[in-house]
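Here is what each chain is made of, one letter per residue.
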Number of protein chains: 2
Amino acid sequence: MHQHSEASAIAALRKKGYKATPQRITICRYILNSRDHPSAQQVYHEVKKMHPTVSLATVYKTLGVLKDLNLTQELSLPQGQARFDSYMKPHINLVCLQCGSIIDLDDTTAIEITRRVAAAARFKPNAQRIDIFGICEKCNATE
Amino acid sequence: MHQHSEASAIAALRKKGYKATPQRITICRYILNSRDHPSAQQVYHEVKKMHPTVSLATVYKTLGVLKDLNLTQELSLPQGQARFDSYMKPHINLVCLQCGSIIDLDDTTAIEITRRVAAAARFKPNAQRIDIFGICEKCNATE
DNA sequence: TTACCTGCAAACGTTTTGCAACTGA
DNA sequence: TCAGTTGCAAAACGTTTGCAGGTAA
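So, here is what we can say about the structure in this document.

What counts, and at which threshold
- Residues numbered from 1 in each chain as written.
- Chains lettered and ligands numbered in written order.
- Predicted model: local features only at pLDDT ≥ 70, side-chain atom pairs only at ≥ 80, totals over all residues.
- Heavy atoms only, no water.
- Contact = heavy atoms within 4.5 Å.
- Buried area = accessible area lost by both parts, 1.4 Å probe.
- Salt bridge = Lys/Arg side-chain N within 4 Å of Asp/Glu carboxyl O.
- Near = heavy atom within 4 Å.
- Polar contact = N/O pair within 3.5 Å; in protein donor to acceptor, adjacent residues only side chain to side chain.
- Helix = DSSP H or I, 4+ residues; strand = E, 2+ residues; numbered from the N terminus.
- Nonpolar A, V, L, I, M, F, W, Y, C, P; charged D, E, K, R; others polar.
- Axes fitted to C-alpha atoms, helices over the stretch in contact; angles between N-to-C directions.
- Parallel < 35°, antiparallel > 145°, perpendicular 65-115°, else oblique.
- Pairing = 2+ DSSP bridges.
- Buried < 20%, exposed > 50% of the residue type's maximum accessible area, 1.4 Å probe, protein only.

## Observations concerning the interface of chain A and chain B
Right, on to step 1. In this complex, chain A contributes 36 residues to the contact, which on the side of chain B involves 36 residues.
Right, on to step 2. Across the chain A/chain B interface, buried area totals approximately 3200 Å², and carbon plus sulfur atoms make up 61% of it.
Right, on to step 3. Of all residues in chain A, F123(A), K124(A) and I132(A) bury the most surface against chain B, accounting for 19% of the area lost on that side.
Right, on to step 4. Counting across the chain A and chain B interface gives four salt bridges.
Right, on to step 5. The partner of R116(A) in a salt bridge is D107(B), and the shortest N-O contact between them spans 3.3 Å.

Dropping the structure here:
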């Protein structure tokens, strides 16, 4: 699902004039290979394992860089922190209101929708996001 | 588009045991009749014209009540404040990255998508949101 | 009458910023 | 070498909360 290797992340950074620092590489590796849409705090705690002195500021700055490189998307949700999604193909986010998990769901509608909109309204689309809020399979079972 | 009258808002409040205070009525009237997806700050400044002593806390609390009554939806966006949408029919939000405007677009896809998802993943949907980020017609023209 | 609401101020959590020291290219 | 980066601390921001006084029903 997340097809970016470490080497391609480094190349992407350098291509746009960003330095490939150890902290950034660690952050990229974590984000680009995680499927669970981590928050900045989660990234921070994870990266600290390799770089104990890393700061939250660096995490936020790097997340900004990754957005600029189009390697991640920011999912801002009501009540609380943003979550980061490195699955950049148009898709649907299934957001569980109980456990907070976010599942990426491929669906042809997600791709189609932008095309339709560009045609219907005179709107120049850049990015998209489809969220469906509800109760996930796991929470539904344990209820 | 926004079909709620003041009387029906008062009825909705009372039905769930909320008091219909003057502040709440003013906030409801403003939110339910605005098409421009105001932020809490905008609501606050607007309501202040009628109730100069109203507090931001009351605005936030009332916005919470309106969410509970299913009369508004909170649109949290990257970089900044949440915006509030009183158009509750499934639709697409066209979010302009330049001027910040949000346009509601009716599209059959918006309704269809939840049905498909409920079937595809074993997910119990509650609410949905479709955002397309880009440049609106107006900004595109003045560019 | 009373449970609920208001408005103030303080608290909270996330994100951003300024800056001196450091470092990748 | 030097533009860009780090990490710290402080600031900024939107939002929430506790509470004493006030008000709708």
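Having seen the model, we can carry on.
## Structural notes on the protein's contact with DNA strand C
Right, on to step 1. The immediate surroundings of DNA strand C are formed by 22 residues, with R14(A), Y60(A), T21(B), R24(B) and K61(B) found nearest.
Right, on to step 2. When atoms of DNA strand C within 4 Å of the protein are split into backbone and base, the sugar-phosphate part holds 69%.
Right, on to step 3. With respect to DNA strand C, the side chain of K19(A) contributes an N or O atom lying 3.4 Å from a base nitrogen.
Right, on to step 4. Put simply, the parts of the chain that give the surface near DNA strand C at least two residues each are α3 (40-48) and α4 (56-68) of chain A together with α2 (22-33) and α4 (56-68) of chain B.
Right, on to step 5. Considering every element that reaches the surface near DNA strand C, the biggest residue donor is α4(A), with four residues.
Right, on to step 6. Here the residues of the surface near DNA strand C are counted per class, giving nine nonpolar, seven polar and six charged.

## Focus on the packing of helix α5 (residues 108-120) of chain A against helix α5 (residues 108-120) of chain B
Right, on to step 1. Their axes nearest at 11 Å, the elements α5(A) and α5(B) cross at an angle of 175 degrees. The pairing of α5(A) with α5(B) is recorded here as roughly antiparallel in orientation. Of α5(B), the residues touching α5(A) (which contributes T108(A), T109(A), I113(A) and R116(A)) are T108(B), T109(B), I113(B) and R116(B).
Right, on to step 2. Residues of the contact of α5(A) with α5(B), tallied by class, amount to two nonpolar, four polar and two charged.

## Quick word on the sheet that holds strand β3 (residues 92-96) of chain A
Right, on to step 1. Read across the sheet, six strands follow the order β4(A)-β3(A)-β5(A)-β5(B)-β3(B)-β4(B) without closing on themselves; strand pairing throughout is mixed. Only two strands of the sheet have a single partner each, and these edge strands are β4 (102-105) of chain A together with β4 (102-105) of chain B. Within this sheet the neighbouring strands show an average axis-to-axis angle of 25 degrees, counted without direction.
Right, on to step 2. Note that strand β3 (residues 92-96) of chain B and β4(B) share four bridges and pair antiparallel. When the bridges of β4(B) are listed, L94(B) appears paired with I103(B).
Right, on to step 3. The strands touched by α5(B) within the sheet are β3, β4 and β5 (124-135) of chain A together with β3 and β5 (124-135) of chain B, with β5(B) carrying the most contacts at an inclination of about 135 degrees.

## Brief notes about the side chain of Q128(A)
Right, on to step 1. Mapping Q128(A) onto the fold places it in strand β5.
Right, on to step 2. The exposure class assigned to Q128(A) is buried, which follows from its relative accessible area of 12%.
Right, on to step 3. Side-chain polar atoms of Q128(A) contact the backbone oxygen of A110(A), separated by 3.1 Å.
Right, on to step 4. Leave out the neighbours within four places in its chain, and Q128(A) touches Q73(A), P90(A), H91(A), A110(A), I113(A), T114(A), D131(B), I132(B) and F133(B).

## Digging into the protein's contact with DNA strand D
Right, on to step 1. Not every one of the 20 residues close to DNA strand D is listed here, only the nearest: T21(A), Q23(A), R24(A), R14(B) and Y60(B).
Right, on to step 2. Residue K19(B) places a side-chain N or O atom 3.1 Å away from a base nitrogen belonging to DNA strand D.
Right, on to step 3. Secondary-structure elements contributing two or more residues to the surface near DNA strand D are α2 (22-33) and α4 of chain A together with α4 of chain B.
Right, on to step 4. By residue number, the principal contributor to the surface near DNA strand D is α4(B), which donates four residues.
Right, on to step 5. The residue inventory of the surface near DNA strand D, partitioned by class, reads eight nonpolar, six polar and six charged.

These figures capture arrangement, not role.
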